[in-house]
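# A structural walkthrough
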Amino acid sequence: MTKFQLLFIRQFDETIASWRSANEPILEADLYGLLHRIKGTAATIDLQEWTEAAEQLLIDLTEDGLQLWTLAEFERFIQSIMALRKATDTLGEQDISNRAMESFRESAATVEADPLAPVMISEVPGPLVLLIDDDVAFLQVIKERLEQEGCIVLATPYPDKAIKWFYELKPDCIVLDVVMPGHSGFDLLTILQERSQRFMVPVLLISAQNDTDVRIRAYQSGADDFISKPFDLNEFVVRVLNKLRRKQAISRMILTDELTGLYNTQYLRIRWQQISQEAIAEGKSYWAAQFDIDAFRSLNERYGHAAADGYLHHTAGWLRAHIRTDELLVRWERDRFVLLGREGTVETISLRLNRLSELFTAHTYEIAGDAVNMSLSYVFTTLDGAYDPDACIAALGEAMRDMKLGLRNRLSDTHTVVGIQRKGACRVAIIDDDPLIRNMLERRLRDMEVVGGEGLEIRTFADGEAFFSDVWHNGEHAYLLILDRMMPRMNGMEVLTRLRTDYPADKYRILMLTGNGDETEIAQAIRAGTDDYVTKPFRLPELEARIRRLLQGRSR
C-alpha cells in the first residue's frame, strides 16, 4: 500500500476507535462528515471502492442531520465500509498502525545541496497555493503533488488559520473544500471574496457534492473553478497551474497596485530607467526615498487585516496628496512606499521629507471609532548615474533596518531620519538536536537577504526544553521556529503543542522538519497547528523559499 493509503486507513481506524471508546450516540452530521471525507479522498489515492461505498451510504444522510445513531446502528450501517477495511489488511488494524509508523526513519542531517551553495532564482519554488480541507490525508496528497510542480503549498484544516494566512502571506491561488466543520467553503469564500477579486487571486472550490445547484452556487459565489471529488490528480494539478499562469500573465500587464491604486514595482522599474537616462543626459542628479509606517503590525493585531488594509489605502491617498506633480510614488511592498524625485540637495531633500514625516505623525485616522496616529520613517539617497532600481531599494531597505535597530543612521550615500523605533527584528529559533543542521541553517539564514531588508535575530537550541528555558523566546517580538520533529527530552510535537496551547496564536510561526515518509506524524503536526513542514532530506533553496514566505509580515 502507498504511504497515503496507509495514512488514510489509519485515520479511519482512529475515528472508529474514538467513537467506540466514547460509547455514545453518534450524530448524523458527524457520520455524514466521515463518509464525505472518504468519498472525496479515497479514489484520489486509488481506493475507488471506498469512494463508491461511501457515495451509496451518503444517499441516506444529510449534511446537517440531527438524528442520533447508537453504536450498533452505526456499525450495521457502515458494514460495506468495514468490509473494505478488513480486506485491506489481513493482519488486522494494529499492523496498519505499525506499517504507517515504519515509514518514519529519521536520518541525521541529510541535505541534497551544498550547505553554502548560492541560491539561484530558478531553484526557488515560486507561486504560493493556500489549501483548505478538513481531511488531513487529502491535504498531504495534494500538497506533495503540487510541490512536485514547483509550488509552495500551505495546507490547513482550519478556516480561521487560512484567513490569517490569506491576509498575511498573499497566496497566488486558493483551493478550498465546500464542506468543512464550522465553516463551509462558501462561508470562507464570502469572507475572502473582496480581496481575492481585487488581487485577482483564483479560487478553486472542491467538493464531493456534485449536483447542479452546488456547482451553480460555487460560480455565483465567485469561484473561478469547481472540481468534484474524487478527481484525477494530474487533471487537478493542470487546472491549478493554468490558473497560476493566467494570474502571472495578467499581473505582468498591470502597472498599478490593487490595494492602494498607486503605481506598482513593475512601473517603477520602467520609469526609473527613463528618469535616470534623462538625468544623465541633462547632467543632473535624482533621488529615491523609502517610507515605512512604524509599528504597522499593531494595526493588524488590534483591528484586523481588513482595517489595516483600509489604513494602507488611506495612507497612499494622503502621501499622493502631499507630493509634487513631477514625483513618482509607488507602493513597494507591505507598508512600504518608494518616492522617486528629480534634483535637490541632501539638505533640501532631508528638510522636505522630515516635514512630510512630521505632518503624517500629526495626521489622525479613525478606525472602529478610535483616533489612530501613526509615524512614518524614511531613508533616501541621491543618485547621479544609472542604478539598478532593485539593488538601490534593497540598499535603502538595509538602511531602514539598521536605523530601526539603532545600529546606524547613515549607510554609504544613504541618509536617514529616525522615526519611532520598532519592537525589533523578527526572531528565528532553530531547534534541532543535530549540531550540523543547527550550524548549517544558522549560517544560511545569516547570509540570507530577508524580504524587505528586515534583519533576523537567530538563536539555536538542541531541544525544546532549552528553547523554553531561555527568556529570549518570550519577548515582544514576532518569532519563526524551525523545529525538528524528533529530539531528546522535549521533542518538536511537544514544543508545538505547548506553543499553540499556552501562547498567543499569532506570535509564533512554525516550520517543522520531519522524516521522509513520516505521513502520520505530519498529519498530527498539521492538526496541532504547524504552519508548514519540510521533509528530510531537504534542499536548502526550497527551505529558504518557505522561510521567506513565512517571514512575510513577521517583523511588523
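Check the entry above for the structure.
Below, the structure is looked at part by part.

Definitions and cut-offs
Residues numbered from 1 in each chain as written. Predicted model: local features only at pLDDT ≥ 70, side-chain atom pairs only at ≥ 80, totals over all residues. Heavy atoms only, no water. Helix = DSSP H or I, 4+ residues; strand = E, 2+ residues; numbered from the N terminus. Contact = heavy atoms within 4.5 Å. Pairing = 2+ DSSP bridges. Axes fitted to C-alpha atoms, helices over the stretch in contact; angles between N-to-C directions. Core = buried A, V, L, I, M, F, W, Y, C linked by side-chain atoms within 4.5 Å. Buried < 20%, exposed > 50% of the residue type's maximum accessible area, 1.4 Å probe, protein only. Phe/Tyr/Trp six-rings, centres within 6.5 Å; stacked < 30°, edge-to-face > 60°. Lys NZ or Arg CZ within 6 Å of the ring centre and 35° of its normal. Salt bridge = Lys/Arg side-chain N within 4 Å of Asp/Glu carboxyl O. Parallel < 35°, antiparallel > 145°, perpendicular 65-115°, else oblique. Nonpolar A, V, L, I, M, F, W, Y, C, P; charged D, E, K, R; others polar. Left-handed = near helix turned anticlockwise from the far one by under 90°.

Moving on to the side chain of Asp 257. With respect to the secondary-structure elements, Asp 257 resides in the loop between helix 11 (233–253) and helix 12 (265–282). Ignoring sequence-local partners within four residues, the contact set of Asp 257 consists of Leu 262, Tyr 263, Asn 264 and Arg 331.

Right, let's talk about the sheet that holds strand 4 (residues 152–156) for a bit. On the basis of which strands lie adjacent, the open sheet formed by five strands has the order 4-3-5-6-7 and parallel pairing. Two strands close off the open sheet at either side, each with one partner strand: strand 4 and strand 7 (225–228). Sheet twist, expressed as the mean angle between neighbouring strand axes with direction ignored, is 20°. Bridge analysis of strand 5 (residues 173–177) against strand 6 (residues 203–207) gives four bridges, and the strand direction is parallel. Paired with Val 175 across the two strands is Leu 204, which belongs to strand 6. Packed onto the sheet, helix 11 meets strand 3 (128–132), strand 5, strand 6 and strand 7 and runs at close to 170° relative to strand 7.

Bringing the sheet that holds strand 17 (residues 456–461) into the picture now. In space, the five strands of this open sheet follow the order 17-16-18-19-20, with parallel pairing throughout. Only two strands of the sheet have a single partner each, and these edge strands are strand 17 and strand 20 (532–536). Pairwise comparison of adjacent strand axes, ignoring direction, gives a mean angle of 15° for this sheet. Looking at chain direction, strand 16 (residues 426–431) and strand 17 are connected through six bridges and run parallel. Within strand 17, the position partnered with Ala 429 by the bridge is Arg 459.

Ranked by internal contacts, the top residues of the largest apolar core, which has 77 residues, are Leu 35, Ile 38, Trp 50, Ile 81, Phe 236, Phe 467 and Leu 481. Apart from residues lying up to four places away in sequence, Ile 81 is in contact with Phe 12, Leu 35, Ile 38, Trp 50, Ala 53, Ala 54 and Leu 57. By size, the runner-up hydrophobic cluster in this structure holds 57 residues, among which are Met 180, Val 203, Ala 316 and Phe 360.

A few words on the pairing of strand 18 (residues 479–484). Where burial is concerned, most of strand 18 is hidden: six out of the six residues are buried. Both faces of strand 18 are covered, namely the face carrying Tyr 479, Leu 481 and Leu 483 and the face carrying Leu 480, Ile 482 and Asp 484. Relative to strand 18, strand 16 runs parallel, the two sharing five bridges. Note that in strand 18 the partner of Val 428 across the bridge is Leu 480. With six bridges joining them, strand 18 and strand 19 (residues 508–515) adopt parallel strand pairing.

Right, let's get into the packing of aromatic side chains. One pass over the structure, following the stated rule, counts 20 aromatic pairs. Taken together through their ring pairs, the aromatic side chains of Phe 461, Phe 467, Phe 468, Trp 472, Tyr 479, Tyr 503 and Tyr 508 make up a single cluster. Above the ring of Tyr 533, the side-chain terminus of Lys 143 is found at 4.7 Å from the ring centroid. The side chain of Arg 498 reaches across the aromatic face of Phe 468, ending 3.9 Å from its centre.

Moving on: the pairing of strand 10 (residues 336–342). The buried fraction of strand 10 amounts to six of the seven residues, a majority that puts the element mostly inside the structure. In terms of strand pairing, strand 8 (residues 286–293) meets strand 10 through seven bridges, oriented antiparallel. Residue Phe 291 lies in a different strand from strand 10, and its bridge partner there is Phe 337. When strand 9 (residues 328–333) meets strand 10, the two strands line up antiparallel, connected through five bridges. Directly across from Leu 329, in strand 10, lies its bridge partner Leu 339. Here strand 9 folds back onto strand 10, and the loop between the two strands holds two residues, one of which, Arg 334, carries a positive phi near 45°.

A complete count under the given rule lists 38 salt bridges for this structure. In this structure, Arg 546 engages Asp 532 in a salt bridge whose closest nitrogen and oxygen atoms are separated by 2.8 Å. One end of the pair, Arg 546, is in helix 21 (residues 540–551); the other, Asp 532, is in strand 20, with 14 residues separating them in the sequence. For Arg 546, a relative accessible area of 2% gives the class buried. One connected set of salt bridges, linked through shared partners, spans Lys 143, Glu 147, Asp 532, Glu 542 and Arg 546.

Taken N-terminus to C-terminus, the directions of helix 7 (residues 136–147) and helix 20 (residues 519–528) make an angle of 110°; their axes are 10 Å apart at the nearest point. With respect to helix 20, the element helix 7 is oriented roughly perpendicular. Along its contact with helix 7, which presents Val 136, Leu 139 and Gln 140, the element helix 20 presents Glu 519, Ile 522, Ala 523, Ile 526 and Arg 527. Class assignment for the residues of the contact of helix 7 with helix 20 results in five nonpolar, one polar and two charged.

Bringing the packing of helix 3 (residues 48–58) against helix 5 (residues 79–88) into the picture now. It is the contact of helix 3 with helix 5, at a shortest axis distance of 9 Å, that shows an interaxial angle of 165°. Overall, the two elements helix 3 and helix 5 adopt an arrangement that is roughly antiparallel. Helix 5 is crossed by helix 3, and the crossing has left-handed handedness. The segment helix 3 lies against helix 5, with Glu 49, Trp 50, Ala 53, Ala 54 and Leu 57 engaging Ser 80, Ile 81, Leu 84, Arg 85 and Thr 88. For the contact of helix 3 with helix 5, the per-class residue count stands at six nonpolar, two polar and two charged.

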